Amino acid sequence: MRLKVGILGFGGLGQAAAKLLSTKQEMQLVVAADKEGFAYNADGLNALEAIAAYQEHGSLGHLKNFGKLSQNSIAEAIAPDVDGYFLALPNLPNTFMASVAKQFIASGWQGVLVDAIKRTSAVEQMIALSSELETAGITYMSGCGATPGLLTAAAAIAAQSFAEVHKVEITFGVGIANWNAYRATIREDIAHMSGYNVDLAQAMSDAEVEALLEKTNGLICLENMEHADDIMLERVGICDRDRVTVGGVVDTRNPKKPLSTNMKLTGRTFEGKTSTHTFTLGDETSMAANVCGPAFGYLKAGKQFHQRGIYGLMTAAEVMPAFVR
Ligand code: NAD
């Protein structure tokens, strides 16, 4: 089996996803889109050429032979021969990803979609589309990055040792050399800072983002974030959403992680003992590795459901990702 895969959004995560796919036998990148254009080749796109076209000329639309500039790139990149898409798009405004899902539903395309959206309210919008996705023949995997995603899935596994889950604490450390490489990620993180929201962060100019990061020495410290790990765990009955907390530190000036990303789940066993399971990511693993790896693992799992006629919405907390060779 070799799945034909698309990547929508070709910024930091989209480009990393393309590079990752170039190392895989079971998946092949055939289409990718950014805001100004897209590139398609049924026989496979070369990740390095696509990245070079994007970085040197500003859009995949400039890729020789396979690129096309377009102001309607997502719609044009929806192709019947594509098994699944990773939606590496910014969720700005907070309703954007749901509007993309609706675009897929309206197009009549059938297959697997995977997102790595973060906010509780964004995943709630996707859950609300569940029956429309099901009727359309789309298997939609939501919240399948790192957090939510890998760490939420780890919490779902850790919970199995306990009769009652008291708390799930997710703490992430992200280090990137330059905020420019992950512009949407950084803007969406700023939206969680006190005094900011999604609309304010989206409206900030690059100079305003830089001025803010100058004041904080390049660091963004976040606590009690609105992160969908909470409803994803609640939805599968592991614990109430108020028992789940997410926070972390992002260093926008240093690729070294400021702290080790971890998930701690505390609960009570059936024998009455209280204990904590901890899952810590290796410091050498980048945000891109921990988001794109799971995203394609969930795409492969989603394809297995799709082939069995199982459509609709699932999250990272209820499905085991498959390993992509
Ligand atoms: P980025 O800003 O680097 O790139 C965004 C890309 O999307 C660009 O190529 C841009 O051209 C394209 N784009 C924007 N609007 C578009 C449109 N209307 N049509 C087509 N293309 C469009 O973004 P990034 O930093 O890679 O982040 C992408 C998303 O991943 C963000 O929403 C971020 O929150 C999410 N993310 C999730 C996790 C997780 O663990 N779940 C971790 C990191 C990032």
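Residues numbered from 1 in each chain as written. Predicted model: local features only at pLDDT ≥ 70, side-chain atom pairs only at ≥ 80, totals over all residues. Heavy atoms only, no water.

Draft legend 1. Summary view of unusual backbone geometry. Backbone torsion omega between Leu92 and Pro93 reads 0°, so that peptide bond is classified as cis. Between Thr147 and the following residue, Pro148, the backbone shows a cis peptide bond with an omega angle of -5°. With respect to the helices, strands and loops of the structure, Pro148 is situated in the loop between strand E7 (138-142) and helix H7 (150-158). In this structure, Asn65 is a non-glycine residue whose phi angle is positive, near 70°. Not every positive phi belongs to a glycine, and Asn217 is a case in point at roughly 65°. Along the chain, Asn217 falls in the loop between helix H10 (206-215) and strand E9 (219-222). (Helix = DSSP H or I, 4+ residues; strand = E, 2+ residues; numbered from the N terminus.)

Draft legend 2. A look at the packing of aromatic side chains. In this structure the tally under the stated criterion is 5 aromatic pairs. Seen in terms of ring centroids, Phe86 and Phe296 are 5.7 Å apart; in terms of plane orientation they differ by 70°. Their pairing is edge-to-face. Of this pair, Phe86 sits in strand E5 (residues 84-87) while Phe296 sits in helix H12 (residues 287-307), placing them 210 residues apart in sequence. Like Phe296, Phe86 is buried. Their ring planes at 65° and their centres at 5.2 Å tell us that Phe104 and Trp109 sit as a pair that is edge-to-face. The positively charged end of Lys24 is found above the aromatic ring belonging to Phe323, 5.0 Å away from the centroid. (Phe/Tyr/Trp six-rings, centres within 6.5 Å; stacked < 30°, edge-to-face > 60°. Buried < 20%, exposed > 50% of the residue type's maximum accessible area, 1.4 Å probe, protein only. Lys NZ or Arg CZ within 6 Å of the ring centre and 35° of its normal.)

Draft legend 3. Just the environment of Pro148, in detail. For Pro148, a relative accessible area of 0% translates into the label buried. In sequence terms Pro148 and Val123 are 25 residues apart; their C-alpha atoms lie 9.9 Å from each other. Not counting residues within four places of it along the chain, the set of residues in contact with Pro148 comprises Ile117, Lys118, Gly143, His227, Ala228, Asp229 and Met232. (Contact = heavy atoms within 4.5 Å.)

Draft legend 4. Main features of the site of the ligand. What surrounds the ligand is a group of 29 residues, the closest being Leu13, Tyr54, Ala184, Thr185 and Glu188. Interatomic distance of 2.8 Å between a side-chain N/O atom of Tyr54 and an oxygen atom of the ligand. Across the complex, the protein chains shield 89% of the 880 Å² of accessible surface that the ligand would expose by itself. For the shell around the ligand, the secondary structure elements donating two or more residues are helix H1 (12-21), helix H3 (73-77), helix H8 (183-190) and H12. The greatest single-element share of the shell around the ligand, amounting to 4 residues, is contributed by H8. Grouping the amino acids of the shell around the ligand by side-chain chemistry returns 16 nonpolar, 8 polar and 5 charged. (Near = heavy atom within 4 Å. Polar contact = N/O pair within 3.5 Å; in protein donor to acceptor, adjacent residues only side chain to side chain. Areas by Shrake-Rupley, 256 points an atom, 1.4 Å probe, with all protein chains shown as cover. Nonpolar A, V, L, I, M, F, W, Y, C, P; charged D, E, K, R; others polar.)

Draft legend 5. Representation of the state of the cysteines within the structure. A full pass over the atoms with the stated rule returns 0 disulfides. In this structure Cys144 is a free cysteine whose sulfur lies 13 Å from that of Cys292, the closest cysteine sulfur available. (Disulfide = S-S within 2.5 Å.)

Draft legend 6. The arrangement of H1 in detail. Of all 10 residues in H1, 8 are buried, a share of seventy percent or more. Looking only at H1, the buried set comprises Gly12, Leu13, Gly14, Gln15, Ala16, Ala17, Ala18 and Leu21.

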